[in-house]
Amino acid sequence: MAQMFNDHARRVVVLSQEEAVTHKSSVIGPGHLLVGILGAEGSVAAETLKALGLDPGRIPAEVLKVPGRRKWRLWGNVPFAEESKEALNQALPEAQRFGHGFIGAEHLLLGLVHNEEGTAATVLNGLGISPKAVRERVHQSMAEPSQYTRE
């Protein structure tokens, strides 16, 4: 599936992994993915979250401390937590709904909020950002061709 990721989606994964390492986590959790999405500058997903008022500093620190925390710095690839894997797997059907042959950061974001009981949706709800608002904003942005690119 990774070969289907566009540049923004690949950037999300790299930034999420860096965030997990920074917080000494043994897995990439949904909070790490949210931080990664925010860092994918110029993506529909990053612009959506920023427009809705989210910045990395508002993501609770405890969300970034997912189970499996270690006391040493990790090297190499950090695996995805089960909930993160579910979000990544949901990104493909989200992309297909729009007729896209690639997965972008916006599809990853839609995959994260697909599970309204999940960590990402819970964090966003706690910050006054509903999964429904995220979906509507992403859909609106993708309907505006001037703002949407394959990057």
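None of the values given here were measured: they were computed from a predicted structure.

A.B. asks: I tried to follow the overall build of the chain on my own but got confused; where do I start?
C.D. replies: A tally of regular secondary structure across the chain gives eight helices and zero strands. N-terminal to C-terminal, the α/β element order of the chain is α-α-α-α-α-α-α-α. Here the chain holds 151 residues, and 48% of them are scored as buried. Of the contacts made within the chain by residues no fewer than 6 positions apart, 71% connect residues no fewer than 24 positions apart. By element, 51% of the accessible surface of the chain is carried by carbon and sulfur atoms, the whole surface being about 7500 Å².

A.B. asks: Where do I start with the nonpolar core in this structure?
C.D. replies: In this structure, Leu34, Leu49, Leu108, Leu109 and Val134 are the most contacted members of the largest nonpolar core, which totals 37 residues. Listed by contribution, the elements that provide at least two residues to this core are α1 (7–22), α2 (30–39), α3 (44–51), α5 (82–97), α6 (105–114), α7 (119–126) and α8 (131–143). When neighbours within four sequence positions are excluded, leucine 49 is seen to be in contact with Leu34, Ile37, Leu38, Leu54, Leu109, Leu124 and Val134.

A.B. asks: Looking at this model, I keep getting lost on the packing of α5 against α6. Mind explaining?
C.D. replies: Pairs of packed helices are described in terms of their axes, by the angle between the two and the distance that separates them. Two elements in contact, α5 and α6, have axes whose closest approach is 7 Å; the angle formed by their N-to-C orientations is 120°. Taken together, the axis directions place α5 and α6 in an arrangement best described as oblique. By crossing handedness, the relation of α5 to α6 is classed as right-handed. Contact residues: Ala87, Leu88, Gln90, Ala91, Glu94 and Ala95 in α5; His107, Leu108, Leu110, Gly111, Leu112 and His114 in α6. Grouping the amino acids of the contact of α5 with α6 by side-chain chemistry returns seven nonpolar, four polar and one charged.

A.B. asks: It is not clear to me how the packing of α2 against α6 should be interpreted in this structure. Could you clarify?
C.D. replies: Closest axis-to-axis distance for the α2/α6 pair is 11 Å, and the angle between their directions is 150°. Between α2 and α6, the crossing angle belongs to the class labelled roughly antiparallel. The two elements α2 and α6 meet at a crossing, and its hand is left-handed. Residue-level inspection shows Pro30, Leu33, Leu34 and Ile37 of α2 in contact with α6, the latter providing Ala105, Leu108, Leu109 and Leu112.

A.B. asks: Could you clarify how one ought to interpret the pattern of salt bridges in this entry?
C.D. replies: Proximity of charged atoms lets side chains of opposite charge pair with each other. Applying the stated criterion across every chain yields a total of six salt bridges. In this structure, the salt-bridge partner of aspartate 7 is arginine 10, at a minimum N-O distance of 2.7 Å. Placement of the pair is aspartate 7 and arginine 10 together in helix α1, with a separation of three residues, close to one helical turn. What makes aspartate 7 partly exposed here is its relative accessible area of 49%. Classification of arginine 10 as partly exposed rests on a relative accessible area of 39%.

Conventions used here
Residues numbered from 1 in each chain as written. Predicted model: local features only at pLDDT ≥ 70, side-chain atom pairs only at ≥ 80, totals over all residues. Heavy atoms only, no water. Helix = DSSP H or I, 4+ residues; strand = E, 2+ residues; numbered from the N terminus. Buried < 20%, exposed > 50% of the residue type's maximum accessible area, 1.4 Å probe, protein only. Contact = heavy atoms within 4.5 Å. Areas by Shrake-Rupley, 256 points an atom, 1.4 Å probe, with all protein chains shown as cover. Core = buried A, V, L, I, M, F, W, Y, C linked by side-chain atoms within 4.5 Å. Axes fitted to C-alpha atoms, helices over the stretch in contact; angles between N-to-C directions. Parallel < 35°, antiparallel > 145°, perpendicular 65-115°, else oblique. Left-handed = near helix turned anticlockwise from the far one by under 90°. Nonpolar A, V, L, I, M, F, W, Y, C, P; charged D, E, K, R; others polar. Salt bridge = Lys/Arg side-chain N within 4 Å of Asp/Glu carboxyl O.

Bear in mind that shape data such as this cannot, by itself, settle questions of function.
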